Amino acid sequence: MKYVKPTKLKIITLVLFGTGAFGILVGLGVPGNQPILMMSFMGVINICLGGFFGWIFLTQEPKSEQRRKKYGK
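Basis of the calculations
- Residues numbered from 1 in each chain as written.
- Predicted model: local features only at pLDDT ≥ 70, side-chain atom pairs only at ≥ 80, totals over all residues.
- Heavy atoms only, no water.
- Helix = DSSP H or I, 4+ residues; strand = E, 2+ residues; numbered from the N terminus.
- Buried < 20%, exposed > 50% of the residue type's maximum accessible area, 1.4 Å probe, protein only.
- Patch = residues over 30% accessible without salt bridge, like charges linked within 9 Å, V, L, I, M, F, W, Y side chains within 5 Å.
- Areas by Shrake-Rupley, 256 points an atom, 1.4 Å probe, with all protein chains shown as cover.
- Salt bridge = Lys/Arg side-chain N within 4 Å of Asp/Glu carboxyl O.
- Polar contact = N/O pair within 3.5 Å; in protein donor to acceptor, adjacent residues only side chain to side chain.
- Contact = heavy atoms within 4.5 Å.
- Lys, Arg positive; Asp, Glu negative; His and termini not counted.
- Charge placed at Lys NZ, Arg CZ, Asp CG, Glu CD.
- Phe/Tyr/Trp six-rings, centres within 6.5 Å; stacked < 30°, edge-to-face > 60°.
- Expected span 1.5 Å × (residues − 1).

Novice: In this structure, what is going on with the overall build of the chain? I would like to understand it.
Specialist: In terms of helices and strands, the chain carries two helices and zero strands. Buried positions account for 18% of the 73 residues belonging to the chain.

Here is the structure:
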């Protein structure tokens, strides 16, 4: 997988966790509506995506400082 900057991964993770928590709270807070229940399911999906991006952030190898290219001679 391509290297992604850690700050970008942190922002994506926080946004997904935030929108997921908001979706779950709104979906479970309003009683009796079918579309609102769907919003809580979408919140759970956002929480799962936030966990996935957090896992990528924690397990990603640091980018090498050397920018030299090795030529096959």
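Novice: Could you clarify how one ought to interpret a nonpolar patch on the surface in this entry?
Specialist: A cluster of nonpolar side chains, contributed by Leu-28, Leu-37, Met-38, Phe-41 and Met-42, occupies part of the molecular surface with about 530 Å² of accessible area. When residues in the nonpolar patch are grouped by element, the largest group, four residues, is from helix H2 (residues 34-59). You can see Leu-28 is positioned in helix H1 (residues 6-29). Overall, the relative accessible area of 62% leaves Leu-28 in the exposed class.

Novice: What is the right way to read the side chain of Gln-60 from this model?
Specialist: Structurally, the position occupied by Gln-60 is in the segment after H2. Of note is the side chain of Gln-60, whose polar atom sits 2.7 Å from the backbone oxygen of Val-4. Excluding its chain neighbours within four sequence positions, the residues that come into contact with Gln-60 are Lys-2, Tyr-3, Val-4 and Leu-9.

Novice: What's the story with the side chain of Thr-13 in this structure? I'm lost.
Specialist: Checked against the element boundaries, Thr-13 lands in helix H1. A residue is classified by how much of its surface remains accessible, and Thr-13, at 11% relative accessible area, is buried. At 2.7 Å, the side chain of Thr-13 forms a polar contact with the backbone oxygen of Leu-9.

Novice: I tried to follow a positive patch on the surface on my own but got confused; where do I start?
Specialist: A surface patch of positive charge is lined by Lys-2, Lys-5, Lys-8 and Lys-63. Considering the arrangement of structural elements, one finds Lys-2 in the segment before H1.

Novice: Even after reading the chapter, I still don't get the packing of aromatic side chains, so can you show me in this structure?
Specialist: This structure, assessed with the given rule, holds two aromatic pairs. Here Phe-52 and Phe-53 contribute two aromatic rings whose centre-to-centre distance is 5.7 Å and whose plane-to-plane angle is 70°, an arrangement assigned as edge-to-face. Phe-53 gets classed as partly exposed once you look at its relative accessible area, which sits at 24%. Clustering of aromatic rings is evident, with ring pairs tying together Phe-52, Phe-53 and Trp-55.

Novice: Help me understand H1, please; the structure alone is not making it clear to me.
Specialist: Residues three or four positions apart in an α-helix share a direction because the helix packs 3.6 residues into each turn. Over its 24 residues, H1 runs 34 Å from end to end, which matches the ideal 34 Å to within 8%, given 1.5 Å per residue. Within the span of H1, buried status applies to Leu-9, Thr-13, Leu-16, Gly-20, Gly-23 and Gly-27.

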